[in-house]
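Understanding the architecture of this molecule
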Amino acid sequence: MRNSILIIFVLIILGACSQKKDIVSTSKQEESIKDKAQLKIETPNIYEIDSTGILMMPLTIGTTTDDSSFSGSFESRKENFYWNIIFYDSKTSEKHLITNSKVLISNYTDNYGSSSSGANQNNIDMSSSKKYLFYSIRNFDANKNGKIDLSDPEYLFVSDRKGFNLKQLSPEKTHLVNWDYIASSNKIMMNVLNDDNGDKNWDEKDPLITYVYDMNSNLPAKLIFDDRYKDSLKKNFTHNWLK
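Quick look at the structure, then.

When helices and strands are tallied, the protein chain shows two helices and 13 strands. Going through the 243 residues of the protein chain one by one, you find that 35% of them count as buried. A separation threshold of at least 6 residues defines the contact pool for the protein chain, and within that pool the share at least 24 residues apart is 44%. For the protein chain, the computed accessible surface area is about 15,400 Å², with 53% contributed by carbon and sulfur atoms.

So, on to the packing of aromatic side chains. Here the structure, examined in full by the defined rule, presents seven aromatic pairs. With 5.7 Å between their ring centres and 20° between their planes, phenylalanine 225 and tyrosine 229 make a pair best called stacked. Overall, tyrosine 229 belongs to the partly exposed group, its relative accessible area being 43%. Where phenylalanine 237 meets tryptophan 241, the ring centres are 6.5 Å apart and the plane angle is 25°; that geometry is what we call stacked. Here phenylalanine 237 and its partner tryptophan 241 are both found in helix 2 (residues 227–241), four residues apart, which amounts to about one turn of the helix.

Spatially, 10-11-12-13 is the arrangement adopted by the four strands of the open sheet, whose pairing is antiparallel. Single-partner strands in this sheet number two, and they are strand 10 (174–182) and strand 13 (222–223). Of the pairings in the sheet, the one linking strand 12 (residues 208–214) to strand 13 comprises two bridges and is antiparallel in character. Bridge pairing in strand 13 places tyrosine 211 opposite leucine 223.

What follows deals with the pattern of salt bridges. For the structure shown, the criterion picks out two salt bridges. Aspartate 110 is the salt-bridge partner of arginine 161, the closest N and O atoms lying 2.9 Å from each other. Of this pair, arginine 161 sits in the loop between strand 8 (155–160) and strand 9 (167–168) while aspartate 110 sits in the loop between strand 6 (104–109) and strand 7 (132–138), placing them 51 residues apart in sequence. Note on arginine 161: relative accessible area 7%, which makes it buried. The partner of glutamate 154 in a salt bridge is arginine 138, with the nearest N and O atoms 3.0 Å apart. Of this pair, glutamate 154 sits in the loop between strand 7 and strand 8 while arginine 138 is found in strand 7, placing the two residues 16 residues apart along the sequence.

To continue, consider the nonpolar core. Ranked by size, the top nonpolar core spans 17 residues in total, and within it Phe134, Leu169, Trp179, Ile188, Met190 and Met215 carry the most contacts. Breaking this core down by element, the ones donating at least two residues are strand 7, strand 8, strand 10, strand 11 (187–194) and strand 12. Those residues in contact with methionine 190, other than ones at most four positions away along the chain, are Leu169, Ser170, Pro171, Leu176, Asn178, Trp179, Ile209, Thr210, Tyr211, Tyr213 and Ala221. Counting residues in each nonpolar core, the second largest holds 16 residues, with Met56, Tyr82, Leu133 and Tyr135 among its members.

Let us now look at the pairing of strand 11. Bridging between strand 10 and strand 11 involves eight bridges; their strand directions are antiparallel. Paired with isoleucine 182 across the strands is lysine 187, a residue of strand 11. Hairpin connection, strand 10 to strand 11: the antiparallel pair is bridged by four residues, and asparagine 186 has positive phi, about 55°. With seven bridges joining them, strand 11 and strand 12 adopt antiparallel strand pairing. By the bridge assignment for strand 12, lysine 187 is matched with aspartate 214.

Thresholds, definitions, all that
Residues numbered from 1 in each chain as written. Predicted model: local features only at pLDDT ≥ 70, side-chain atom pairs only at ≥ 80, totals over all residues. Heavy atoms only, no water. Helix = DSSP H or I, 4+ residues; strand = E, 2+ residues; numbered from the N terminus. Buried < 20%, exposed > 50% of the residue type's maximum accessible area, 1.4 Å probe, protein only. Contact = heavy atoms within 4.5 Å. Areas by Shrake-Rupley, 256 points an atom, 1.4 Å probe, with all protein chains shown as cover. Phe/Tyr/Trp six-rings, centres within 6.5 Å; stacked < 30°, edge-to-face > 60°. Pairing = 2+ DSSP bridges. Salt bridge = Lys/Arg side-chain N within 4 Å of Asp/Glu carboxyl O. Core = buried A, V, L, I, M, F, W, Y, C linked by side-chain atoms within 4.5 Å.

Right, here's the structure in full:
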């Protein structure tokens, strides 16, 4: 008799806990739905590409609530960053995102071939006959703080002018500093910071390294100066300047 009462008591406790868990889960779901309902999908800038009727529409986030509720997923939205880009064909009404992944886009441009690295502002030449669109993108939570923000490394990406075939050009775990497109060889020259000390900070303590990417191939970017050549440069400097 006593065992039967004990079993019934345990079942009642387990049932209450399960009900409480369901209530908490439902509450979180309702909160998530509420946050989604308050999102405003905004495309403040619209560009037509090459007079083809294809429109490029960078996406920002607008909300009627305190921005802090979205800080974990979009820390830098007030600084004119974008969480994706829509490409819309105004002739067929077809549309697609540049990527389905979580990204933080700081820059997009086709203003390359002459001091590309100076293109700090978003710039699309609507009458351009150039083949590529370039993007500065953060897509990796390198420091494991739970969000993609300005403390994470930025990479150089490229797509075609219809927003397809997005591809990363700069090496993993480096931070893009500047880049330039060399039209005569169809290559990208880029300077990046490499986190040599492993502190997850890409800053003045890290070496600036130059890579070249050949747009005619699918091979990874290559170092321009190998260790042997760097040693020869150091010897030259020592001989001429440290006598």
